[in-house]
Amino acid sequence: MTEITRIAIDTSKSVFTLHGTDADGRAVLRRNLRRQDMVPFFARRPPMEVVLEACGGSHHWGRVLAGLGHTVRLIPPQYVKPFVKRGKNDRNDAEAISEAAARPEMREVAVKSADQQANAMLLSVRELLVRQRTQLVNALRGHAAEFGHVGRLGRQGVAKLLADVAEDADLPTPAKDALALLGAEIGRLDARLAEVDARLVAQHKQTPTSKMLAEVPGIGPIGALSLVLRVDFSQFKSGRHFASWLGLTPREHSTGGKTRLGGISRAGDERLRQLLVLGATAVIRQAKPGKASAWLIALLARRPRKLAAVALANKMARIVWAMMTSGEAYRQPATA
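This is a predicted model, so every value here is computed, not measured.

Cut-offs used in this document
Residues numbered from 1 in each chain as written. Predicted model: local features only at pLDDT ≥ 70, side-chain atom pairs only at ≥ 80, totals over all residues. Heavy atoms only, no water. Helix = DSSP H or I, 4+ residues; strand = E, 2+ residues; numbered from the N terminus. Rg over C-alpha atoms; globule rule 2.2 N^0.38 Å. Contact = heavy atoms within 4.5 Å. Areas by Shrake-Rupley, 256 points an atom, 1.4 Å probe, with all protein chains shown as cover. Lys, Arg positive; Asp, Glu negative; His and termini not counted. Charge placed at Lys NZ, Arg CZ, Asp CG, Glu CD. Buried < 20%, exposed > 50% of the residue type's maximum accessible area, 1.4 Å probe, protein only. Axes fitted to C-alpha atoms, helices over the stretch in contact; angles between N-to-C directions. Parallel < 35°, antiparallel > 145°, perpendicular 65-115°, else oblique. Left-handed = near helix turned anticlockwise from the far one by under 90°. Domains from an automatic or database assignment. Pairing = 2+ DSSP bridges. UniProt positions renumbered as here; feature names shortened; annotations may be inferred. Salt bridge = Lys/Arg side-chain N within 4 Å of Asp/Glu carboxyl O. Core = buried A, V, L, I, M, F, W, Y, C linked by side-chain atoms within 4.5 Å. 1 Å grid on protein atoms, 1.4 Å probe; cavity = no way out; pocket = protein on both sides within 12 Å on 5 of 7 lines; lining within 4 Å. Points joined across faces, edges and corners; volume = space filled by probe spheres on them. Nonpolar A, V, L, I, M, F, W, Y, C, P; charged D, E, K, R; others polar.

1. Description of the overall build of the chain
Phase 1: Each helix and strand counted, the chain has 13 helices and seven strands in total.
Phase 2: What you see for the chain is a C-alpha radius of gyration of 25 Å, clearly larger than the 20 Å of a compact globule of 336 residues, by over 25%.
Phase 3: Taken along its principal axes, the extent of the C-alpha atoms in the chain is 80 × 55 × 45 Å.
Phase 4: Looking at the chain alone, contacts between residues at least 24 apart form 52% of all its contacts between residues at least 6 apart.
Phase 5: Counting every atom, the chain has about 19,400 Å² of accessible surface; 53% of that belongs to carbon and sulfur.
Phase 6: Counting 51 positive and 31 negative side-chain charges, the chain places the centres of these two groups 6 Å from one another.

2. Notes on helix H9 (residues 221–230)
Phase 1: Within H9, nine of the ten residues are buried, which leaves it mostly tucked inside the rest of the structure.
Phase 2: All buried positions along H9 are accounted for by Ile222, Gly223, Ala224, Leu225, Ser226, Leu227, Val228, Leu229 and Arg230.
Phase 3: Buried residues along H9 sit against helix H5 (114–145), helix H7 (173–205), helix H8 (208–213), helix H10 (239–245), helix H11 (270–285) and helix H13 (305–326).

3. Side note on the packing of H5 against H7
Phase 1: Put simply, H5 and H7 touch, their axes get as near as 9 Å, and they point 155° apart. Compared by their axis directions, H5 and H7 come out roughly antiparallel. Here H5 runs over H7; the crossing is left-handed.

4. Details of the domain arrangement of the chain
Phase 1: Taken as a whole, the chain is organised into domain 1 (6–102), domain 2 (114–206) and domain 3 (214–326).
Phase 2: On a C-alpha basis, the centres of domain 1 and domain 3 stand 35 Å from each other.

5. A word on the environment of Pro333
Phase 1: Turning to its location among the elements, Pro333 is positioned in the segment after H13.
Phase 2: For the pair formed by Pro333 and Ala27, sequence separation is 306 residues and the distance between their alpha carbons is 57 Å.

6. Things to note about the sheet that holds strand S4 (residues 49–53)
Phase 1: The sheet built from five strands is open, its strands ordered S3-S2-S1-S4-S5 with mixed pairing. Looking at the sheet topology across the chains shown, the edges are occupied by strand S3 (27–34) and strand S5 (71–75). Pairwise comparison of adjacent strand axes, ignoring direction, gives a mean angle of 20° for this sheet.
Phase 2: Here strand S2 (residues 15–21) runs beside S3; their pairing, made up of seven bridges, is antiparallel. When the bridges of S3 are listed, Val15 appears paired with Arg34.
Phase 3: Along the sheet, helix H4 (residues 90–101) makes contact with strand S1 (6–10), S2, S3, S4 and S5, crossing S1 at roughly 135°.

7. Here's the deal with the UniProt feature "domain: Transposase IS116/IS110/IS902 C-terminal" (unreviewed entry) in the chain
Phase 1: UniProt feature "domain: Transposase IS116/IS110/IS902 C-terminal" (unreviewed entry): in the numbering of this structure it lies at residues 211–288.
Phase 2: Across residues 211–288, the secondary structure splits into 46% helix and 9% strand, with the terminal C-alpha atoms separated by 26 Å.

8. Topic: the UniProt feature "domain: Transposase IS110-like N-terminal" (unreviewed entry) in the chain
Phase 1: In this numbering, the UniProt entry assigns the feature "domain: Transposase IS110-like N-terminal" (unreviewed entry) to residues 8–143.
Phase 2: Structurally, residues 8–143 comprises 47% helix and 21% strand, and the distance from its first C-alpha atom to its last is 51 Å.

9. Examining the pattern of salt bridges
Phase 1: Tallied over the entire structure, the rule returns 16 salt bridges.
Phase 2: We note a salt bridge from Arg26 to Asp24, for which the minimum N-O separation is 3.4 Å.
Phase 3: Here the residues in one salt-bridge network are Arg6, Glu49, Arg73 and Glu108, joined through shared partners.

10. Details of the nonpolar core
Phase 1: Ile219, Leu227, Phe242 and Leu276 are the most contacted members of the largest nonpolar core, which totals 31 residues.
Phase 2: Residue assignment for this core shows that the elements contributing at least two residues are H8, H9, H10, H11, helix H12 (294–302) and H13.
Phase 3: If you tally residues by element for this core, the top one is H13, at nine residues.
Phase 4: Excluding anything up to four places from it in sequence, Leu227 contacts Leu213, Ile219, Phe233, Phe242, Leu272 and Val320.

11. Observations regarding the side chain of Asn314
Phase 1: Inspection of the secondary structure assignment puts Asn314 in helix H13.
Phase 2: Those residues in contact with Asn314 that lie beyond four places of it in its chain are Ala243, Leu248 and Thr249.

12. Regarding the pairing of S2
Phase 1: Counting buried residues in S2 gives six out of seven residues, a clear majority hidden from the surface.
Phase 2: Looking at chain direction, S1 and S2 are connected through five bridges and run antiparallel. Of the residues in S2, the one forming a bridge with Ile9 is Leu18.
Phase 3: Between S2 and S3, which pair antiparallel in sequence order, lie five residues; one of them, Gly25, sits at a positive phi of approximately 85°.

13. What to know about the layout of surface pockets
Over the atoms rolls a probe the size of a water molecule, and in doing so it shows where empty space is left.
Phase 1: In this structure, the largest pocket encloses a volume near 1,300 Å³.
Phase 2: Pro76, Val109, Arg230, Gln235 and Trp245 are, among the 38 residues lining the largest pocket, the residues nearest its centre.
Phase 3: Residue contributions to the lining of the largest pocket peak at seven residues, all from H5.
Phase 4: Grouping the constituent residues of the lining of the largest pocket by class yields 16 nonpolar, 13 polar and nine charged.

Structure (structure tokens):
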């Protein structure tokens, strides 16, 4: 019987597709397994290399399969996609994962522990609540505008808008009730977000590395905690590598020895990139000679503010990588 050296798995909710290869890379196993059959199947197998696409559920299977003695590798989906030969189906996807894993310099994602995933889950819950609140506020503003009520931006604008709607004697009762319902839901989410933020700030204060990163201008408790809990800095060779992974470096369209650079690639973790750019925008808003760094003042003198915000976010990412890999505290640069 031919010995299987690598099994690639295309995961799903209930049926998993396996693609096994021998030492020469020939396909010797193609089969589907139901979720409940996964552990018994791999428990009977000798230790081998098992490869999956990196996703939330793959970390769970990485821990389970590693506990059975197998060597588990997680490959980012964007690196697997180029190896899909023709139409998309589970067998072609599993084969593409196996082909990607065979490349000697293929990048991988570290398997997260259960504690790492659990600690970062509250951040994801907060993002969901923020999105829901934004949807409700947009709905409130849109429906109120149908009756001539336009509120200012920000939380005070929402409160003033709700007060104006309640005091409008000419507004039909069904519209008042609907808008009041939206206002009540916004208030409920505000209370939930306040609870979540308090828990995250407490977690930030108990995490030394998060407190260290919060010393960087433009990085607050939420941003610092997100970087600590979501990023394995050991997998990046340099600060530029980390900034590139975040999507804060230009997309390249070079050919024939001629370099062509476009806009930022927007790869990697969208939320982390957003936090860094928002933090950089806040720093630029307060940037003045004598307070901001000479580099930032010179950059603002020759570039638009939005472009400067991305450049500053790129620099912040490289500073964060240097701090996390060296353990050094943030050093304030010379001011202009």
